[in-house]
Amino acid sequence: MPSSPYPCGVLERPALRRYYDRIGRGQDTQRFYEDPPSGRLRECAQFETATSVVELGCGTGRFARTLLREHLRAAANYHGFELSGRMAAIAASRLRPWAGRAAATRIDGDPPLSLDDARADRFIANYVLDLMTPDDARRWLDEAHRVLEPAGLLCLVSITPGTGRASRVVSDTWTRVWRRRPSLVGGCRPIELLDLLDQHQWKTLNREILTAWSVSSEVVVAQRR
């Protein structure tokens, strides 16, 4: 039997889809540590000036709903893409008040997206790249580069190694659990986003680490070169 291309700890795509199909709206319980970094991303990425937003891994659509309610102009459009069919359906329901300029679509998990080159001025991956192998994450970053217009913004959040004593204990424990039973932590683990960015493709404009409830997250906004 051929060996799996996925390193120890990384959930293969069918298992990942099943996991998120199963938990559905339960994903929203993670807001206690996700909301502060996601809120900071909204502050840094100048969404008020955006005209076309693409989100990879839109989940249940909570982030998109806040964008549409509080940040995006009436003329701006949003398109979210999601591996889990159940998540995509929940997101589509939440986006119904903005029908006509907001949509959520299920995908199989491989690039390319069904979008033209230079289609968007914002590309979001909010707690998504930490689910992938480094090679898969870089493939999606290449796809973000294709989809974004010149000077468009890449908007990323990920769980990352802790910086204080308590957050280091949490991130180290999280990594050990992920290596043994990745489904217990939803398949995600602490990573460093800047390690994934090709500096020939991206100019980093903002990078911060925020910690909520001892869970550290990295927030990165980079401009397409």
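As a starting point, this report considers the structure included with it.

Examining the pairing of strand 6 (residues 202-212)
Consideration 1: Here strand 6 runs beside strand 7 (residues 215-224); their pairing, made up of ten bridges, is antiparallel. The partner of I209 across the bridge, within strand 7, is E218.
Consideration 2: Hairpin connection from strand 6 to strand 7: two residues lie between these consecutive antiparallel strands, with W213 at a positive phi of about 55 degrees.

Re the packing of helix 2 (residues 31-44) against helix 3 (residues 62-70)
Consideration 1: Packing of helix 2 against helix 3 brings their axes to within 11 Å, and their N-to-C directions diverge by 40 degrees. Classified by the angle their axes make, helix 2 and helix 3 are oblique. Remark: the crossing between helix 2 and helix 3 carries right-handed chirality. Counted together, R31, E34, D35, S38, L41 and R42 of helix 2 and R62, F63, T66 and L67 of helix 3 form the full contact between these two elements.

A few points about empty space enclosed by the protein
Consideration 1: Under the definition given, this model contains one cavity of 30 Å³ or more.
Consideration 2: Estimated volume of the largest cavity: approximately 30 Å³.
Consideration 3: Forming the boundary of the largest cavity are I159, T160, S167, V170, S171, W174, P190, S214, V215 and S216.
Consideration 4: At the level of secondary structure, the elements contributing two or more residues to the lining of the largest cavity comprise helix 6 (165-180) and strand 7.
Consideration 5: With four residues, helix 6 is the single largest residue contributor to the lining of the largest cavity.
Consideration 6: Residues that form the lining of the largest cavity fall into these classes: five nonpolar, five polar and no charged.

Some remarks on the packing of aromatic side chains
Consideration 1: Throughout the structure, instances matching the rule amount to six aromatic pairs.
Consideration 2: When the centroid spacing of 6.2 Å and the interplanar angle of 80 degrees are considered together, the rings of F32 and W213 count as edge-to-face. Linking F32 in helix 2 with W213 in the loop between strand 6 and strand 7, this pair joins segments that are 181 residues apart in sequence.
Consideration 3: For the ring pair F47 and F63, a centre distance of 6.4 Å and an interplane angle of 75 degrees mean the geometry is edge-to-face. On the criterion of sequence distance, the pair formed by F47 in the loop between helix 2 and strand 1 (52-56) and F63 in helix 3 is long-range, its members being 16 residues apart.
Consideration 4: A relative accessible area of 0% means that F47 is categorised as buried.
Consideration 5: Grouping aromatic residues by their ring pairs yields a cluster made of F32, Y33, Y127, W174 and W213.

Procedures and definitions
Residues numbered from 1 in each chain as written. Predicted model: local features only at pLDDT ≥ 70, side-chain atom pairs only at ≥ 80, totals over all residues. Heavy atoms only, no water. Pairing = 2+ DSSP bridges. Helix = DSSP H or I, 4+ residues; strand = E, 2+ residues; numbered from the N terminus. Axes fitted to C-alpha atoms, helices over the stretch in contact; angles between N-to-C directions. Parallel < 35°, antiparallel > 145°, perpendicular 65-115°, else oblique. Left-handed = near helix turned anticlockwise from the far one by under 90°. Contact = heavy atoms within 4.5 Å. 1 Å grid on protein atoms, 1.4 Å probe; cavity = no way out; pocket = protein on both sides within 12 Å on 5 of 7 lines; lining within 4 Å. Points joined across faces, edges and corners; volume = space filled by probe spheres on them. Nonpolar A, V, L, I, M, F, W, Y, C, P; charged D, E, K, R; others polar. Phe/Tyr/Trp six-rings, centres within 6.5 Å; stacked < 30°, edge-to-face > 60°. Buried < 20%, exposed > 50% of the residue type's maximum accessible area, 1.4 Å probe, protein only.

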